[in-house]
Amino acid sequence: AQSVTQLDSHVSVSEGTPVLLRCNYSSSYSPSLFWYVQHPNKGLQLLLKYTSAATLVKGINGFEAEFKKSETSFHLTKPSAHMSDAAEYFCVVSGTDSWGKLQFGAGTQVVVTP
Amino acid sequence: NAGVTQTPKFRVLKTGQSMTLLCAQDMNHEYMYWYRQDPGMGLRLIHYSVGEGTTAKGEVPDGYNVSRLKKQNFLLGLESAAPSQTSVYFCASNSVGSPLGTDTQYFGPGTRLTVL
């Protein structure tokens, strides 16, 4: 069984400051981990994914995430927030035995202020 | 290449009515999924299919049925709609990966359903 916990339901940052979205996972197998973003009234877009290659994963729009097995974490960061980063972000886990099924975290709403 | 499309985009039903949501993908993917999204709960898997003619239950299957008669289509049915089924429904697909679970899942734009 696998699960995901997003530690913050809301994060507010100023434009130009760093963004940190925290995610812890639980998995019985070597997990694949993803971050998806959803802008208001839109579908989901993949930001990045970890699939047991490099532990530091770079994604689109300047985001990156680091897989830390010892801490069972997969936190998402961006050095400098942009107004267009305002959205909801989902940390997601999938296991090799799960037929590609995804287990979503509850989401983190990011607000960016000028 | 349209990716994953969903029909309709919006729908309002009365309690007890039935409806079918259609998902179509043109990427020749084997796996397809139906999720529902509710505030503060992320997306939860309703049903999924690992190939034409197959379906399986996900995390929240009660009150829904599905069919995968053609590889490119995955239908979600509500036989007797209830207000608790008010939600945004997303369809997704991905290819058979090696190892399983590593491929990117592609999502449709969603269907916003309100049951009065």
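Cut-offs applied
- Residues numbered from 1 in each chain as written.
- Chains lettered and ligands numbered in written order.
- Predicted model: local features only at pLDDT ≥ 70, side-chain atom pairs only at ≥ 80, totals over all residues.
- Heavy atoms only, no water.
- Phe/Tyr/Trp six-rings, centres within 6.5 Å; stacked < 30°, edge-to-face > 60°.
- Helix = DSSP H or I, 4+ residues; strand = E, 2+ residues; numbered from the N terminus.
- Buried < 20%, exposed > 50% of the residue type's maximum accessible area, 1.4 Å probe, protein only.
- Pairing = 2+ DSSP bridges.
- Axes fitted to C-alpha atoms, helices over the stretch in contact; angles between N-to-C directions.
- Contact = heavy atoms within 4.5 Å.
- Buried area = accessible area lost by both parts, 1.4 Å probe.
- Salt bridge = Lys/Arg side-chain N within 4 Å of Asp/Glu carboxyl O.
- Polar contact = N/O pair within 3.5 Å; in protein donor to acceptor, adjacent residues only side chain to side chain.
- Nonpolar A, V, L, I, M, F, W, Y, C, P; charged D, E, K, R; others polar.
- Core = buried A, V, L, I, M, F, W, Y, C linked by side-chain atoms within 4.5 Å.

Chemist: Even after reading the chapter, I still don't get the packing of aromatic side chains, so can you show me in this structure?
Modeler: The description of two aromatic rings rests on the distance between their centres and on the angle between their planes. A complete count under the given rule lists 14 aromatic pairs over all chains for this structure. Ring geometry for Tyr50(A) and Phe74(A): centres 6.4 Å apart, planes at 50°, overall tilted. Note that Tyr50(A) is positioned in strand 6 (residues 44–50) and Phe74(A) in strand 9 (residues 73–78), a separation of 24 residues in sequence. Each member of the pair, Tyr50(A) together with Phe74(A), is buried. Seen from their ring centres, Tyr33(B) and Tyr48(B) are 6.4 Å apart, and the 20° between their planes marks the pair as stacked.

Chemist: It is not clear to me how the sheet that holds strand 7 (residues 65–67) of chain B should be interpreted in this structure. Could you clarify?
Modeler: Residues and elements named next belong to chain B. The 4 strands lie next to each other as 1-3-8-7, forming an open sheet whose pairing is antiparallel. For this open sheet the edge positions go to strand 1 (4–7) and strand 7, each flanked by a neighbour on one side alone. Strand-to-strand twist of the sheet, defined as the mean angle between neighbouring strand axes without regard to direction, takes the value 20°. Sheet topology places strand 1 next to strand 3 (residues 19–25); 4 bridges connect them, and they run antiparallel. Its bridge partner lying in strand 3, Thr5 is registered against Ala24.

Chemist: Can you help me understand the interface of chain B and chain A in this one?
Modeler: Quoted interface sizes are often the accessible area lost when the parts come together. Contacts between chain B and chain A engage 25 residues on the former and 24 residues on the latter. Buried surface at the junction of chain B and chain A, both sides included, amounts to about 1,800 Å², of which 57% is carbon and sulfur. Here chain B is connected to chain A by 0 salt bridges. Taken together, the links from chain B to chain A amount to 3 residue pairs in polar contact (both at pLDDT 80 or more). Broken down by secondary-structure element, the contributors of at least two residues to the side of chain B that touches chain A are strand 4 (31–37), strand 5 (43–49) and strand 9 (87–94) of chain B. Among the elements that make up the side of chain B that touches chain A, the one with the highest residue count is strand 4 of chain B (4 residues). When grouped by side-chain class, the residues that make up the side of chain B that touches chain A number 13 nonpolar, 9 polar and 3 charged.

Chemist: In this structure, what is going on with the nonpolar core? I would like to understand it.
Modeler: One recurring pattern in soluble globular proteins: nonpolar side chains tend to sit buried together. Core analysis: the largest hydrophobic core is formed by 26 residues, its most contacted members being Leu21(A), Trp35(A), Leu47(A), Leu48(A), Phe74(A), Leu76(A) and Tyr89(A). At 4 residues, the largest contribution of residues to this core is made by strand 10 (residues 87–94) of chain A. Apart from residues lying up to four places away in sequence, Phe74(A) is in contact with Cys23(A), Leu33(A), Phe34(A), Trp35(A), Leu48(A), Tyr50(A), Ala65(A), Glu66(A), Phe67(A) and Cys91(A). The next biggest cluster of nonpolar side chains, apart from the first, holds 19 residues, and it includes Leu13(B), Met32(B), Tyr64(B) and Val115(B).

Chemist: Is there a simple way to think about unusual backbone geometry in this case?
Modeler: Glycine aside, negative phi is the norm for most residues, and most peptide bonds take the trans geometry. At the junction of Thr7(B) and Pro8(B), the peptide bond is cis and its omega measures out at -5° in the coordinates. Counting through the fold element by element, Pro8(B) comes out in the loop between strand 1 and strand 2 (10–13). Positive phi is not limited to glycine here, since Asn41(A) has a value of about 60°. Located in the positive-phi region is Asn28(B), a residue other than glycine, with phi close to 60°. Of the residues examined, Asn28(B) reaches a relative accessible area of 57% and is grouped as exposed.

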